[in-house]
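# Per-entry structural report
Chain by chain, the residues run as shown.
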Amino acid sequence: MKLFIPGPVDVRPEVLDALRHEQISHRSKDISILQARIESNLQKIWYTKNAVLLSSSSGTGAMEMALRSLTKKKAAVFSCGAFGDRFYEIATYNALDVDFYRFDDGKPIDLNVFEEVLNKGIYDTITVTHNETSTGVMNDLDSLSKIWGKHPEVVVIVDAVSSFAGVKIPVDDLKIDVCVASSQKALGLPPGLAVLSASDKAVKRMNEIGYRGYYLDLKRVYEKHIQSHQYPTTPNTALMHALDVQLDYIVNVEGIENRFKRHKELAEYTRDWVNKHFECFAEEGYRSDTVTSVINSKGLDLDDVKATLKAKGYIFSQGYGKYKQRAFRIPHMADRTLDDLKAYLKEIESL
Ligand code: PMP
């Protein structure tokens, strides 16, 4: 079966093999060396000197870790879809003081509204979803960053769960304080690990927060990492070995820039195909390089489409939530090849 859903993704056999690595102690020199090597490669992909940490959770765990450990007085959540909304839920479940700014599905975060909100001067933490997987909208981090760059008091948390390792996100140039990603998307690993970067500003802020939770306390995780390149609790060492192998491939075999280029080529091919046969859900100029959301303009029965494609060896992705029949999604991330993508799109074309 080929997984054409926007995560989890198909995983290279060498990466799966690495899961069988012999068990190692989580309090050994070996694990510290492994963590240091992983960190160094993740820093390259994010073009950052900031610490890069792992969380043995899915991406949502790292989102919660960041928001809860860094909001001092009041947070602003900027959302243009289901995953942006999740940050608001996380904030409310953690009893944080939060305001919610929601943009229509298919549209990006509006820069004028964003600027006006930050100019209120009442927020110390904000969240932005880079790549909204539910609608296929990719927000313009360059322009957003020019605005948040004028507000040094604000800690900026970016959800790059479905774009990291597929799209260039230069964390230091963009002044992102915490960037969060998951293993099972463009990174090309099985689910179960999250990665996050932490700037000096984020470190200063976490020290000013009284109640940060326990397991997802960014300060505890960060401090243990700085002391020993280890974690306060037992990390998912199997996935760390798999990550190590995949990072070596991305950095030294495929090449980071080549990986971004391949993602762009696949996205462009998909968008051209969609424009010929259907319509894109996301506004032009803000279409994601890792997943394309397609309006079901032909009125296909998408449950039937799913069953037909399954019989041909493909797992199809319907629209997210309320868009289950009105839209479908074509992922083009991780180690997917153009030939594979073309074959899949041909199958959809023939329905
Ligand atoms: N944010 C985005 C943009 C996502 O696509 C997802 C997963 N689909 C999440 C957050 C949540 O990640 P996880 O499932 O790894 O917790």
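Residues numbered from 1 in each chain as written. Predicted model: local features only at pLDDT ≥ 70, side-chain atom pairs only at ≥ 80, totals over all residues. Heavy atoms only, no water.

### A look at the overall build of the chain
Along its length, the chain carries 12 helices and 15 strands. A compact globule built from 351 residues should have a C-alpha radius of gyration of about 20 Å, and the chain, at 20 Å, falls within 12% of that. Once the C-alpha set of the chain is aligned to its principal axes, its extents read approximately 55 × 55 × 35 Å. Taken across its 351 residues, the chain has 58% of its residues classed as buried. Residue pairs in contact within the chain that sit at least 24 positions apart in sequence constitute 70% of those at least 6 positions apart. When the accessible area of the chain is evaluated, it comes to approximately 14,600 Å², of which 49% is carbon and sulfur surface. A gap of 2 Å separates the mean positions of the 46 positive and 48 negative side-chain charges of the chain. (Helix = DSSP H or I, 4+ residues; strand = E, 2+ residues; numbered from the N terminus. Rg over C-alpha atoms; globule rule 2.2 N^0.38 Å. Buried < 20%, exposed > 50% of the residue type's maximum accessible area, 1.4 Å probe, protein only. Contact = heavy atoms within 4.5 Å. Areas by Shrake-Rupley, 256 points an atom, 1.4 Å probe, with all protein chains shown as cover. Lys, Arg positive; Asp, Glu negative; His and termini not counted. Charge placed at Lys NZ, Arg CZ, Asp CG, Glu CD.)

### Re the nonpolar core
Phe78, Phe114, Ile126, Trp148 and Phe164 are the most contacted members of the largest nonpolar core, which totals 85 residues. Sort the elements by how many residues they give to this core and helix 9 (residues 237-254) lands first, with seven residues. (Core = buried A, V, L, I, M, F, W, Y, C linked by side-chain atoms within 4.5 Å.)

### Regarding the site of the ligand
Close to the ligand lie 14 residues; Ser58, Thr60, Thr133, Asp159 and Lys185 are nearest. At 2.6 Å, a side-chain N or O of Asp159 approaches a nitrogen atom of the ligand. In the environment of the ligand, a nitrogen atom lies 2.7 Å from a nitrogen or oxygen atom belonging to the side chain of Lys185. Protein burial of the ligand: of its 390 Å² of free accessible surface, 89% is covered by the chains. Mapped onto the shell around the ligand, the elements with two or more residues apiece are helix 3 (59-70) and helix 4 (82-93). (Near = heavy atom within 4 Å. Polar contact = N/O pair within 3.5 Å; in protein donor to acceptor, adjacent residues only side chain to side chain.)

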